[in-house]
Amino acid sequence: MRIEARNLDKHFRSVHAVKGLSFTVEPGRVTGFLGPNGSGKSTTMRLMLGLDSGGGETLYDGKKLSSHHPVTRTIGAHLDAKFFHPKRTAYAHLRMLGAEAGISKARVHEVLKLVGLESVAKKRPGGFSLGMGQRLGLAGAILADPQVLMLDEPANGLDPQSIQWLRDFLKHYASTGKSVLVSSHLLSEMELLADDVVVIARGNLIAAESMPAFLSRATGSAVVVRSPQSEKLAELLSSQGIASTTDGARTIVIPGHSTDRIGEIAFANGIALSELSPRTASLEQVFLELTESGQEYRLGETS
Amino acid sequence: MIANLVYEWRRLWSVRATWIMTFVYLVITGLLGAGPLFLGDGGFGTQTWKGLYSTNANFLCLVMLSVVASQFFGHEYRYGTIRLTLTEFPKRERVVLAKTLLLALYVTVATILGWAVLGVVGSIAPEGSIGTEGPGLSINGGEPSELWQVLVFGFAYCVIAMSLTMITRNLALGIVLPLLLSSIIEGLIVLFAGLANGKMDWIVDALPFANGTAWLTNLPDQPNAGLIFAAWVTGTYLIGSAMFFKRDA
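Residues numbered from 1 in each chain as written. Chains lettered and ligands numbered in written order. Predicted model: local features only at pLDDT ≥ 70, side-chain atom pairs only at ≥ 80, totals over all residues. Heavy atoms only, no water.

Q: With reference to specific residues and values, describe the pattern of salt bridges.
A: Residue and element names in this part refer to chain A. Considering all chains together, one arrives at 15 salt bridges over all chains under this definition. Across the pair Arg-226 and Glu-275 runs a salt bridge whose closest N-O atoms are separated by 3.3 Å. One end of the pair, Arg-226, is in strand 10 (residues 222-226); the other, Glu-275, is in strand 13 (residues 275-279), with 49 residues separating them in the sequence. For Arg-226, a relative accessible area of 33% corresponds to the partly exposed category. (Salt bridge = Lys/Arg side-chain N within 4 Å of Asp/Glu carboxyl O. Helix = DSSP H or I, 4+ residues; strand = E, 2+ residues; numbered from the N terminus. Buried < 20%, exposed > 50% of the residue type's maximum accessible area, 1.4 Å probe, protein only.)

Q: Which residues make up the pairing of strand 1 (residues 3-12) of chain A, and what values go with them?
A: Residues and elements named next belong to chain A. Taken together, the five bridges between strand 1 and strand 4 (residues 55-60) define a ladder with antiparallel strand orientation. Within the sheet, the bridge partner assigned to Ile-3 lies in strand 4 and is Tyr-60. Bridge count between strand 1 and strand 2 (residues 15-25): seven bridges; the pairing is antiparallel. Counted as the bridge partner of His-11 is His-16 from strand 2. Adjacent in sequence and paired antiparallel, strand 1 and strand 2 are bridged by two residues, among which Arg-13 carries a positive phi angle near 50°. (Pairing = 2+ DSSP bridges.)

Q: So what's going on with the packing of aromatic side chains? Residues and values would help.
A: Each pair of aromatic rings is reported with the distance of its centres and the angle of its planes. Inspection of the entire model under this criterion finds 17 aromatic pairs over all chains. Centroid distance Tyr157(B) to Phe209(B): 5.5 Å. Interplanar angle 55°. Geometry classified as tilted. Residue Tyr157(B) is located in helix 7 (residues 147-168), and its partner Phe209(B) is located in helix 10 (residues 208-216); the two are separated by 52 residues in the primary sequence. Here Tyr157(B) matches Phe209(B) in class, with each residue buried. Ring pairing ties together the aromatic residues Phe59(B), Phe153(B), Tyr157(B), Phe209(B) and Phe229(B), which thus form one cluster. When the ring centre of Tyr173(A) is taken as origin, the NZ or CZ atom of Lys178(A), which lies over that ring, is 4.8 Å away. (Phe/Tyr/Trp six-rings, centres within 6.5 Å; stacked < 30°, edge-to-face > 60°. Lys NZ or Arg CZ within 6 Å of the ring centre and 35° of its normal.)

Q: Please set out the side chain of Thr89(A) residue by residue, giving values where relevant.
A: Residues and elements named next belong to chain A. Take Thr-89: it is sitting in the loop between strand 5 (75-78) and helix 3 (90-97). For Thr-89, a relative accessible area of 18% corresponds to the buried category. A polar side-chain atom of Thr-89 sits 3.0 Å from the main-chain amide nitrogen of Ala-92. (Polar contact = N/O pair within 3.5 Å; in protein donor to acceptor, adjacent residues only side chain to side chain.)

Q: Quick one: what's the story with the interface of chain A and chain B, residue by residue and with numbers?
A: Opposite the 28 residues of chain A that make contact, chain B presents 25 residues. It is Leu51(A), Phe83(A) and Met96(A) that lose the most area in chain A upon contact with chain B, and together they represent 26% of the buried surface on that side. Where chain A packs against chain B, one counts one salt bridge. Put simply, Lys10(A) and Asp248(B) hold a salt bridge, and the shortest N to O gap is 2.7 Å. At the surface where chain A touches chain B, the tally comes to ten residue pairs in polar contact (both at pLDDT 80 or more). (Contact = heavy atoms within 4.5 Å. Buried area = accessible area lost by both parts, 1.4 Å probe.)

Q: Please give an account of the sheet that holds strand 4 of chain A that cites residues and values.
A: Residues and elements named next belong to chain A. Read from one edge of the open sheet, three strands run 2-1-4, paired in antiparallel fashion. Unpaired on one side and paired on the other, strand 2 and strand 4 mark the two borders of the sheet. Across the sheet, the mean angle separating the axes of adjacent strands is 15° when strand polarity is ignored. (Axes fitted to C-alpha atoms, helices over the stretch in contact; angles between N-to-C directions.)

Q: Give me the lowdown on the sheet that holds strand 12 (residues 251-255) of chain A, citing residues and values where you can.
A: Residues and elements named next belong to chain A. Here we have four strands laid out as an open sheet, ordered 11-12-10-13, and antiparallel in their pairing. Of all strands in the sheet, those with a lone pairing partner are strand 11 (245-246) and strand 13, marking the two edges. Alignment of strand 10 against strand 12, held across five bridges, turns out to be antiparallel. Bridge pairing links Ala-222 to Pro-255 in strand 12. Lying over the sheet, helix 10 (residues 259-268) contacts strand 10, strand 12 and strand 13, oriented at roughly 160° with respect to strand 13.

Structure follows, in structure tokens:
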């Protein structure tokens with residue numbers, strides 16, 4: 001299911017929290033939703049779900065969410081790890097959430113087993129850890145096997161094994177043709193997980209594109225070449241106006257160009273290459289570059 | 001709409017608080033009903049079955065039901081589950097309608113159970129403590145209420161509690177405000193109005209629970225009491241619903 005957010009806008013009195021955001025979430029892909037603290041990610045998600053009132057609209061396969069029936073077969077959302085009654089058992093919580101789509105008891109048990117909460121199904125979640133709360137929230141979101149999963153910081157509080165499980169699960173979920181929109185502060189994790197990214201800062205859209213396209217925005221992207229004739233290649237590139245720097249013996253780094261271009265030049269001039277590889281910036285580097293000025297709550301300098 | 005009702009039914013009965021408050025309601029109803037039968041009439045005259053069955057319209061009983069009524073929205077806001085509810089049911093008017101219908105069902109069942117308890121109490125009361133003649137004792141003063149009035153008043157009280165919770169988004173205020181209004185604040189207003197040489201009588205005439213009780217106990221000098229009380233209940237409900245529709249979840 002394709003999600004299209006159009007001109008989403010939200011004011012909190014004098015604060016313009018979300019400023020006319022438009023982006024799409026494509027089916028069959030995991031879309032990472034990134035932004036610094038206070039950038040408006042959670043507010044945007046609430047707007048998309050119709051929980052908050054504001055400008056713009058969100059269409060799910062061309063229709064508003066309220067036009068889909070049952071809604072829980074269309075979208076499953078997990079917005080907070082503590083959205084449950086502390087005295088209502090995990091099983092009863094999911095039975096309640098399964099009412100709209102007529103979810104069977106067997107499916108509730110199946111989902112509890114999937115997220116590893118089967119042994120505490122009859123326990124009250126008031127004593128659950130943050131990670132267990134996340135699992136319960138995820139269980140609620142996937143209960144009706146919806147076409148869209150919308151998850152706000154689902155990896156917070158999870159241990160490394162659970163994070164890896166979540167990554168595999170979400171990738172598999174998207175691979176079946178469903179849409180996944182997931183926000184996270186764990187950028188390294190998001191780099192492994194997301195196919196596309198939507199980046200916002202101070203309520204403004206910074207980027208909405210594929211992960212490779214986003215990473216290529218970094219000023220640090222470069223081509224690394226190792227060759228026994230590295231000096232000759234550097235001179236040749238220089239004669240064509242391409243700058244390079246030496247990075248150890250027989251290795252040069254050429255910023256701002258593709259491996260295809262450099263490979264063609266080397267091949268045309270008979271220069272043997274031992275290595276020709278792209279050096280892309282990490283998601284964290286690109287994210288920090290692009291959102292540096294858009295941080296709502298700035299940190300002080302460390303000594 | 002059926003799905004909304006099933007959701008609310010499961011939400012209501014899957015927390016222990018509902019069971020506890022219902023049990024406490026039945027116990028208090030039984031104790032209040034048993035008081036005049038076992039402890040003597042206290043000069044009020046012989047109790048009748050009708051008087052006994054109007055016991056559960058007393059504010060002490062209704063407070064227990066209003067706790068459950070406030071939880072319809074209060075728990076949702078306190079624990080954030082309102083966002084799950086509204087994601088699942090984006091049409092908010094259906095959410096309000098489902099909660100109201102289920103509240104009506106809950107109050108009806110609880111009231112009937114209360115009458116059953118009072119029936120048991122009456123059947124084991126000392127011989128002669130329940131008569132068939134005379135007006136009997138209304139626990140709220142005045143004439144004993146008809147059974148349908150007991151049911152309607154209980155529901156109306158709970159609607160006010162639920163509506164105040166919608167307005168304030170605070171569980172405790174939804175319980176405490178109707179209780180304070182009915183038991184203390186309105187009494188103080190009547191007291192001050194008595195000192196104002198009739199200049200504040202219009203306020204007294206418009207008080208919600210004073211009118212509600214007057215209607216419940218069939219006071220003959222207040223023929224419009226039922227309408228005024230109904231206006232308060234409807235107004236509070238409409239304001240609460242409008243705020244629920246408009247505000248962010």
